[in-house]
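Breakdown of the fold
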Amino acid sequence: MLGTVFRTGSPVWIDLGSPDTDAAGVFYGAVFGWRIVSAGPHAGGYGFFQKDGKTVAALGPLTEEGARSAWTTYFRSDDAKATARRVVEGGGSVRVEPMSVGEGQLAQFTDPQGAQFAVLQSAMGVQKASEDDTLVWVELHVADPEAAIRFYQGLFGWRSQEMQAPGMTYRVLSIADGDQQQGSFGGVARLQGEQEETRWVPYFAVADADAVVTAVQDNGGTVLMPAADVPDVGRIAWLADRGGAVFAVLKPNPLQT
């Protein structure tokens, strides 16, 4: 599972682009108990979601023409400009060129199959992970998992391992160095049906997945997949907030924590 000691290729940051940041703040406050802290008067409306005084995610207004509300996962890069070159060489595209942020750089991309993601070259990162109401896993849904893994291996050197899940083969992703199981942070799944979109989906750990489903419904969100038990993993639900941004929650199996 995720931690807060970040190495190359680790998920390091996550933010939500929303058409209504005030409404999003209220929604996630009700669902996860998060509060919003502004990044400052010159941050263009960008702010931080915090839990117990620690930053767990971020929130900002949509800035790209035609953009829809969505969560973006940022991976740690040692060199954002070099990563941007490799993205293009691998058939992806650059949506936001490497730009300075604090003492580092960020850049945003679209992979060859259409999934959006970003990189952060910085000492900054989320301050809590793999605890209740924080990021615990990220999952890529694509038509061609093998091609996706080759693309991201070219960027970050990720390792993958196949495992059998109900009705599908699931690929568990790990960073390039260290123990493969301890370095796992996410997975790749094949798209299920014509209606599912290519994307990275964040999973947030929760103490009670069913209670979160109820909170989402009570606060104007949508249940895409009701809470269900996944053997050896935990209880999972797929959800969307008021603006349509998709996310998932997981009450992990005790053996997975």
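Refer to the preceding data block for the structure.
The present account deals with the structure reproduced in this document.

So, the packing of aromatic side chains
In the structure shown here, the tally under the stated rule is 32 aromatic pairs. Both rings, one in Tyr28 and one in Phe247, keep their centres 5.6 Å apart while their planes meet at 55 degrees; by these two values the pair is tilted. Residue Tyr28 is found in helix H1 (residues 21-32), and its partner Phe247 is found in strand E16 (residues 246-252); the two are separated by 219 residues along the sequence. For the pair Tyr28 and Phe247, a shared accessibility class is recorded, and that class is buried. A centroid spacing of 6.3 Å and a plane angle of 80 degrees characterise the contact between Phe117 and Phe151, whose relative ring orientation is edge-to-face. On the criterion of sequence distance, the pair formed by Phe117 in strand E8 (residues 116-121) and Phe151 in helix H3 (residues 145-156) is long-range, its members being 34 residues apart.

A word on the sheet that holds strand E3 (residues 47-51)
In space, the eight strands of this open sheet follow the order E2-E3-E4-E1-E5-E8-E7-E6, with mixed pairing throughout. Edge strands, defined here as strands with exactly one partner in the open sheet, are strand E2 (35-38) and strand E6 (93-101). For this sheet, the mean angle separating the axes of adjacent strands, direction not counted, is 30 degrees. Where strand E1 (residues 11-18) lies against strand E5 (residues 70-76), six bridges are found, and the strand directions are antiparallel. Directly across from Trp13, in E5, lies its bridge partner Tyr74.

Here's the deal with helix H2 (residues 80-89)
Taken together, the buried positions of H2 are occupied by Ala80, Ala82, Thr83, Ala84 and Val87. Buried-residue contacts for H2 involve E6, strand E7 (104-110), E8 and H3. Backbone nitrogen of Lys81 and a side-chain oxygen of the N-cap are separated by 3.2 Å at the start of H2; the cap is Asp79. Where H2 ends, the next residue or the one after it, Gly91, has phi of about 100 degrees, a positive value.

Some remarks on the pattern of salt bridges
Tallied over the entire structure, the rule returns eleven salt bridges. The salt bridge partner of Glu197 is Arg68, with a shortest N-O separation of 2.8 Å. A residue pair is termed long-range when its members are at least 10 positions apart, and Glu197 in the loop between strand E12 (184-190) and strand E13 (199-205) and Arg68 in the loop between strand E4 (54-61) and E5 qualify at 129 residues. Residue class for Glu197 comes out partly exposed when judged on its relative accessible area of 32%. According to the relative accessible area criterion, Arg68 is exposed, its value standing at 60%.

Calculation notes
Here the residue index of a chain counts from 1 through its sequence in written order. In keeping with the model being predicted, local features are shown solely for residues with a pLDDT of at least 70 and side-chain atom pairs are shown and tallied solely at 80 or more, while totals for entire chains, interfaces and linings include all residues. Side-chain metrics in this entry use all non-hydrogen atoms of the structure; hydrogen atoms and water are not considered. Two rings belonging to Phe, Tyr or Trp (six-membered ring only in the last case) form a pair when the distance between their centres is within 6.5 Å. Interplanar angles under 30 degrees mark stacking, angles over 60 mark edge-to-face geometry, and anything in between is tilted. Only DSSP runs of H or I reaching four residues or more are called helices, and only runs of E reaching two or more are called strands; each is numbered from the N terminus. Categorising residues by exposure relies on relative accessible area from a 1.4 Å probe, with only protein chains included: less than 20% of the type maximum marks a residue as buried, more than 50% marks it as exposed, and the intermediate range marks it as partly exposed. If DSSP finds at least two bridges between two strands, the strands pair. Interaxial angles span 0 to 180 degrees and are taken between N-to-C directions of axes, which are lines fitted to C-alpha atoms, for helices over the stretch in contact. Here, residues are in contact when the closest pair of their heavy atoms is within 4.5 Å. Any pair of nitrogen or oxygen atoms within 3.5 Å is treated as a polar contact; in protein, a donor-acceptor pairing is required on top of that, and neighbouring residues in sequence qualify only through side-chain atoms on both sides. Whenever a carboxyl oxygen of Asp or Glu lies within 4 Å of a side-chain nitrogen of Lys or Arg, that contact is scored as a salt bridge.

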